[in-house]
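Coordinate inspection notes
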Amino acid sequence: MTPGLSGAAGALAPGKLAALRRMLGFRSLAVIGGGAWCAEVIRQVRKLGFTGPVWPVHPKADEVAGERVFARVEDLPQAPDAAFVGINRRATIEAVEALSRIGAGGAVCFASGFTEALAEDADGADLQAQLVAAAGDMPILGPNCYGFVNGLDRVAIWPDQHGMRPVDRGVAILTQSSNIAINMTMQRRALPLAFMLTCGNQAQTHQAEIAMALLEDDRITAIGLHVEGFGDLRKWEALAAKARDRGVPIVALKVGRSAQAQAATISHTASLAGSDAGAQAFLDRLGIARLNDVPEFLEILKLLHVTGPLDGTGVATISCSGGEASLAADMAEGTGLHFPPLTVDQVSGLRAALGPMVALANPLDYHTYIWRDADAMARAWSAMTGPHVAMTISIVDYPHTDATDWDCATRAALTCARETGRPFAVAATLPELMPEGVAKRLMAGGVVPFGGLREALAATRAAARPRPEPQEPVLLPAPVEATTILTEAQAKADLAAFGVPVPRSVVARADRAEKAVDGLSGPFAVKGVGLAHKSEHGAVRLGVSAQGLPEIAISFGTDEVLIEEMAPAGVVELLIGVTRDSAHGYVLTLGAGGVLTEILRDSTSILIPSMPSAVRGALGKLACAPVLSGYRGKPGVDIDAVVRVVMAVQNYVIANAAVVDEVEINPLICAADGVVAVDALIRKACS
């Protein structure tokens, strides 16, 4: 085990680690069942080059796929290292129990009809619980699971076609979709797939646990995870810590971005956070880059296999077309990548290689004056690299008719990578115009062969993500049935007790408003009590004099009114909110505040608990960040005071995690000399 993980919450126990490694690199295989799927498992494992024993188990058949059959699990010559259980769901439970009893290493459970089918069959959850009980300490993958292909050890439990080949080293992919797994094994992008595994229902063995086991194998250069849901957050935290310790990058294709926002939208925060903000914040916290689709996912794994993580966001592109140079610049806009201007040394090297007829810039259109001169091309391309350029990309689309004349580009790229030692890539703007043979040749020489320019830029940006500093484990969400919404005055009082600055105020009967403000200084903000969205009901009036209080207070139609001293004008208004996300913890959202919050949608989210440095980093990501620091000669805001308020809100949530569901300050008036929360909302369970 990696130091620091043993015994930690979510860490993989040594016994389970050993059992998983036994199963995933098996030396003997049992196949339970005699149908077409089971026969295909045998054909595929033999096709991959496995020469060890394969033992089909079937009560009536004599042979399956040419292998001698055993009538019962108990009749096997010895306990198999792994088993494929390809029979119906109820029989699967019996077979798993028998395998566990004889000491088998583990089993892939192919049958469906468990928890994934609850909408159609209420027995699914009970059957899955029975399956887990039957397995005991023996690891199982699934149910509703295809299994895995291990190209490193030439073993597979896979009941269908796949496109993988034996490799000496490469990337591992773990997915929650068997069909997506099949498709990815068929990639023609020269990505060396060392391991493909489908997790199924994860009834007993979690996706993060399998990834932790794979981290023990030094032949695996990067891990890609297709994730539908996280489940046990502690296991993911342990995985991220172990990956960080071992220096193996992890990336994710996380689905669910398009899910509808949380149904409860009493606050602006809930509307902004939605169901995906927590997932993104959790991945950010773990340092796991997120990709948008399968092509990007495969290309980032390819990049990480060749170069590992990148040391910055500066890129340079080279092409013999001004159109491609412009395309690269446009496609990089808004990605977080930038094109550093050429240095004196770069200009000198480029001028020597290209002569006086080429306008030098980044992106570079080097025309075709040196085309076919691989040495000159290599000199020019090398000049575009440098310590301030994280990735240099030569844009080359190889024709499918006759690519002979394009071999100079391949040779130049290989020379450039070899002589500069800096990350270098060749990208085809059209994925199909990066031939697989050329891609393999480039990759063997340390050049990243990108299929698709958009994918190349997305992969480069993902590989350049800085690793976050380790933080405390996330605060796990309590099961809360929130039925109480505190009044604004109550919410402010609760938050003020934790250090949030609020205006001096009083709650009074509407017909006694004028007499209630003795001791307060006008003008006043007057609000109706008991309305969640007061501005939408016309129940907020600002700048009210003491004499005007009676008429305005009664006009709201509420029994009581909240009367506050007006806060001084600020530089900017911010939102600080927390929503309880049952899947990811407590999501802390920071954003532009005020009545236009949902229109501006300038927000970012992190998870509780977060350190002050993480809060500052989140504030710096807002579109309004320049205003916070001072814009066009105007004063900035007291950022330290803003951070203190965020930490106070966080401390309130931690102290009340058993009952709190939602907290919001909107707006927080931010000035150069301090901040004040002029509106607040808390929703919680009855205590």
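Look up: the structure comes first, before these words.
In what follows, the accompanying structure is described. (Residues numbered from 1 in each chain as written. Predicted model: local features only at pLDDT ≥ 70, side-chain atom pairs only at ≥ 80, totals over all residues. Heavy atoms only, no water.)

Helix and strand counts for the chain come out as 23 helices and 30 strands. By principal-axis analysis of the C-alpha atoms, the chain measures approximately 95 × 80 × 40 Å. Taking the contacts inside the chain whose residues are at least 6 apart along the sequence as the reference set, 71% of them involve residues at least 24 apart. Only carbon and sulfur atoms are counted for the fraction: they give 51% of the accessible area of the chain, which is about 28,000 Å². Taking the 58 positively charged and 72 negatively charged side chains of the chain as two groups, their mean positions are separated by 4 Å. (Helix = DSSP H or I, 4+ residues; strand = E, 2+ residues; numbered from the N terminus. Contact = heavy atoms within 4.5 Å. Areas by Shrake-Rupley, 256 points an atom, 1.4 Å probe, with all protein chains shown as cover. Lys, Arg positive; Asp, Glu negative; His and termini not counted. Charge placed at Lys NZ, Arg CZ, Asp CG, Glu CD.)

Moving on to the nonpolar core. Of all hydrophobic cores here, the largest spans 111 residues; its most connected members are Phe148 and Ile223. Apart from residues lying up to four places away in sequence, Ile223 is in contact with Ala172, Leu174, Ala211, Leu214, Leu215, Val248, Pro249, Ile250, Val251 and Leu301. In terms of nonpolar packing, the next biggest core, distinct from the first, is built from 46 residues, Tyr586, Leu590, Val645 and Leu668 among them. (Core = buried A, V, L, I, M, F, W, Y, C linked by side-chain atoms within 4.5 Å. Buried < 20%, exposed > 50% of the residue type's maximum accessible area, 1.4 Å probe, protein only.)

Let's shift gears to the packing of aromatic side chains. Under the definition given, this model contains 14 aromatic pairs. Ring geometry for Phe110 against Tyr146: centres 5.9 Å apart, planes inclined by 50 degrees, an arrangement best described as tilted. In this pair, Phe110 sits in the loop between β6 (107-109) and α4 (124-135) while Tyr146 sits in the loop between β7 (140-141) and β8 (148-150), placing the two residues 36 residues apart along the sequence. For Phe110, a relative accessible area of 16% puts it in the buried group. Centre to centre, the rings of Tyr366 and Trp381 are 6.2 Å apart; their planes meet at 75 degrees, and the pair counts as edge-to-face. Of this pair, Tyr366 sits in the loop between β16 (364-365) and α13 (374-383) while Trp381 sits in helix α13, and the two are 15 residues apart along the sequence. Neither Tyr366 nor Trp381 differs from the other in exposure class; each is buried. Linked through ring pairs, Trp37, Phe84, Phe110, Tyr146 and Trp158 together constitute an aromatic cluster. (Phe/Tyr/Trp six-rings, centres within 6.5 Å; stacked < 30°, edge-to-face > 60°.)

Let us look at the sheet that holds strand β14 (residues 289-290). The seven strands lie next to each other as β9-β8-β11-β10-β12-β13-β14, forming an open sheet whose pairing is mixed. Of all strands in the sheet, those bounded by a partner on one side alone are β9 (155-157) and β14. Pairing geometry for β8 and strand β11 (residues 193-198), over three bridges, is antiparallel. Across the sheet, Phe148 pairs through a bridge with Leu197, a residue of β11. Against the sheet, helix α10 (residues 294-307) contacts β10 (170-175), β12 (220-227) and β13 (250-254), and its axis sits at roughly 160 degrees relative to β12. (Pairing = 2+ DSSP bridges. Axes fitted to C-alpha atoms, helices over the stretch in contact; angles between N-to-C directions.)

Reading across the sheet, the five strands line up as β2-β1-β5-β6-β7 and stay open at both edges, with parallel pairing between neighbours. Lying at the two open borders of the sheet, with one neighbouring strand each, are β2 (54-57) and β7. Strand direction decides the pairing type here: β6 and β7, joined by two bridges, are parallel. Directly across from Val108, in β7, lies its bridge partner Leu141. Relative to the sheet, helix α2 (residues 36-47) contacts β1 (29-32), β2 and β5 (82-85), its axis offset from that of β1 by approximately 160 degrees. Together, β1, β5, β6 and β7 form the strand contacts of helix α3 (residues 89-102), whose direction differs from that of β5 by roughly 170 degrees.

We now examine helix α14 (residues 407-420). An α-helix turns once per 3.6 residues; consequently, residues spaced three or four apart project the same way. Taking 1.5 Å per residue, 14 residues should reach 20 Å; α14 reaches 20 Å between its end C-alpha atoms and fits that length. Turning to α14, its buried residues number three or more, namely Cys408, Ala409, Thr410, Ala412, Ala413, Leu414, Thr415, Cys416 and Ala417. Against α13, β18 (424-428) and α15 (436-444) lie the buried residues of α14. (Expected span 1.5 Å × (residues − 1).)

A word on the environment of Arg504. Inspection of the secondary structure assignment puts Arg504 in the loop between α17 (488-496) and β21 (505-509). Here the alpha-carbon distance between Arg504 and Ile288, two residues 216 residues apart in the chain, equals 45 Å. Not counting residues up to four positions away in its chain, the partners in contact with Arg504 are Gly519, Leu520, Ser521, Ile563, Glu564 and Glu565. Of the polar contacts made by the side chain of Arg504, one reaches the backbone oxygen of Gly519; its length is 3.0 Å. A polar contact of 2.6 Å, which involves the side chain of Arg504, links it to the side chain of Glu565. (Polar contact = N/O pair within 3.5 Å; in protein donor to acceptor, adjacent residues only side chain to side chain.)

For the rest of this paragraph, the subject is helix α16 (residues 453-463). With nine of 11 residues buried, α16 lies mostly within the body of the structure. If you check which residues of α16 are buried, you get Leu453, Glu455, Ala456, Leu457, Ala458, Ala459, Thr460, Ala462 and Ala463.

Time to look at the pattern of salt bridges. By the definition in use, this model includes 36 salt bridges. The residue Glu299 makes a salt bridge to Arg189 at a minimum N-O spacing of 2.6 Å. With a gap of 110 residues between them, Glu299 in helix α10 and Arg189 in the loop between α5 (178-185) and β11 connect regions that are remote in the sequence. Accessibility classification places Glu299 together with Arg189 in one group, the buried group. A salt bridge links Asp276 to Arg290, with the shortest nitrogen-to-oxygen separation between them at 3.0 Å. Placement of Asp276 in the loop between α8 (268-273) and α9 (277-286) and of Arg290 in strand β14 is noted, with a sequence separation of 14 residues between them. Accessibility expressed as a relative area gives 11% for Asp276, which makes it buried. One continuous salt-bridge network, built from bridges that share partners, spans Lys16, Glu209, Asp232 and Lys235. (Salt bridge = Lys/Arg side-chain N within 4 Å of Asp/Glu carboxyl O.)

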